[in-house]
Amino acid sequence: MHEWALAEAVVKSAIDMAQKKNLSQIKFLFLRVGEVQQIDMEVFNYAIKELSKGTILENSEIKYEIFPAKLVCNNCGNIWSYMESFQGLTDEEKEAIHFIPETIHVYMKCPKCKSADFEIKEGRGVFIEDIK
């Protein structure tokens, strides 16, 4: 599952950030998670907790914010929400986007002009917003 790979990257990045801030222990970690990542938050949280064992991140409080995705059509300028298009996909298409978010352009089209030429303006990635 890609949740484990993302969790591993978060743990490593958080520890690196803490060391740069001269923190001996991470007590609080705030993450923003883009909607397009399609992360199973239960698995992701479990993975972070498991990978944090024996590190300065162990036993920290972790807060998450899922932020919505906004798509913008390069053809007609239409702006729409990711979930607006995601709801109409098959389970197989949703799974493909879950594992490889870049396939979004294969399965989603602008609802106004049907173009696959669009940008994801917001809602991608996993970001460490705060660490204490």
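About the cut-offs
- In this convention, every chain numbers its residues from 1, walking through the sequence in written order.
- Where totals are concerned, whole chains, interfaces and linings use all residues; where local detail is concerned, this predicted model gives features only for residues with pLDDT of at least 70, and gives and counts side-chain atom pairs only at 80 or more.
- For side-chain calculations, the full set of non-hydrogen atoms in the structure is used, while hydrogens and water are omitted.
- What counts as a salt bridge is simple: a side-chain nitrogen of Lys or Arg found within 4 Å of a carboxyl oxygen of Asp or Glu.
- Strands are runs of DSSP state E lasting at least two residues, helices are runs of H or I lasting at least four, and both sets are numbered from the N terminus onward.
- Classification of residues uses two cut-offs on accessible area relative to the type maximum, computed with a 1.4 Å probe and protein chains only: under 20% is buried, over 50% is exposed, and between them is partly exposed.
- Note on pairing: DSSP must find at least two bridges between two strands before they are called paired.
- Lines are fitted to the C-alpha atoms to define the axes, a helix being fitted only along its stretch in contact, and any angle between axes, read from their N-to-C directions, falls within 0 to 180 degrees.
- One less than the residue count of a helix, multiplied by 1.5 Å, gives the span that helix is expected to have.
- We call two residues in contact when some of their heavy atoms are within 4.5 Å.
- Each aromatic pair joins two rings of Phe, Tyr and Trp (for Trp, the six-membered one) with centres within 6.5 Å, and gets the label stacked for planes under 30 degrees apart, edge-to-face for over 60, and tilted for any other angle.

### What to know about the pattern of salt bridges
Side chains carrying opposite charge are able to pair once their charged atoms draw close together. A complete count under the given rule lists eight salt bridges for this structure. Here Glu 122 and Lys 70 are joined by a salt bridge, their closest N and O atoms 3.7 Å apart. You can see Glu 122 sitting in strand 5 (residues 118-122) and its partner Lys 70 sitting in strand 3 (residues 70-73), a full 52 residues away along the chain. Judged by relative accessible area, which is 43%, Glu 122 ranks as partly exposed. Lys 70 sits in the partly exposed class, given a relative accessible area of 31%. Close ionic contact of Lys 132 with Asp 130 constitutes a salt bridge, the shortest N to O distance being 3.5 Å.

### Some points on the sheet that holds strand 5
Strands sit in the order 4-3-5 across an open sheet of three strands; the sheet is antiparallel. Only two strands of the sheet have a single neighbouring strand rather than two, namely strand 4 (79-81) and strand 5. On average, each strand axis in the sheet is tilted by 30 degrees relative to the strand beside it, whichever way the strands run. Direction of pairing for strand 3 relative to strand 5: antiparallel, over a ladder of four bridges. The partner of Val 72 across the bridge, within strand 5, is Glu 119.

### Quick notes on helix 1 (residues 2-20)
In a regular helix each residue adds 1.5 Å, so 19 residues correspond to 27 Å; helix 1 covers 27 Å between its end C-alpha atoms and thus fits that length. Along helix 1, the positions that sit buried rather than exposed are His 2, Glu 3, Ala 7, Val 10, Val 11, Ala 14, Ile 15 and Ala 18. Its buried side turned inward, helix 1 meets strand 1 (28-34), helix 2 (41-52), helix 4 (91-99) and strand 6 (126-131). Once helix 1 ends, the next one or two residues include Asn 22, with phi positive near 60 degrees.

### Looking at the sheet that holds strand 6
Spatially, the three strands line up as an open sheet ordered 2-1-6, and their pairing is mixed. In this open sheet, the two strands that pair with only one neighbour each are strand 2 (61-67) and strand 6. The sheet shows a mean angle of 20 degrees between the axes of neighbouring strands, taken without regard to direction. Judged from the five bridges that link them, strand 1 and strand 6 form a sheet pairing that is antiparallel.

### Some points on the packing of aromatic side chains
Applying the stated criterion across every chain yields a total of five aromatic pairs. Note on Trp 80 and Phe 118: the rings are 5.5 Å apart at their centroids and 70 degrees apart in plane angle, and the pair reads as edge-to-face. Of this pair, Trp 80 sits in strand 4 while Phe 118 sits in strand 5; the two residues are 38 residues apart in sequence, bridging distant segments of the chain. As far as burial versus exposure is concerned, Trp 80 and Phe 118 are alike and both buried. Their ring planes at 25 degrees and their centres at 5.2 Å tell us that Tyr 82 and Phe 86 sit as a pair that is stacked. Placement of both Tyr 82 and Phe 86 in helix 3 (residues 82-86) is noted, with a separation of four residues, approximately one turn of the helix. Assigned by exposure class, Tyr 82 and Phe 86 land together as buried.

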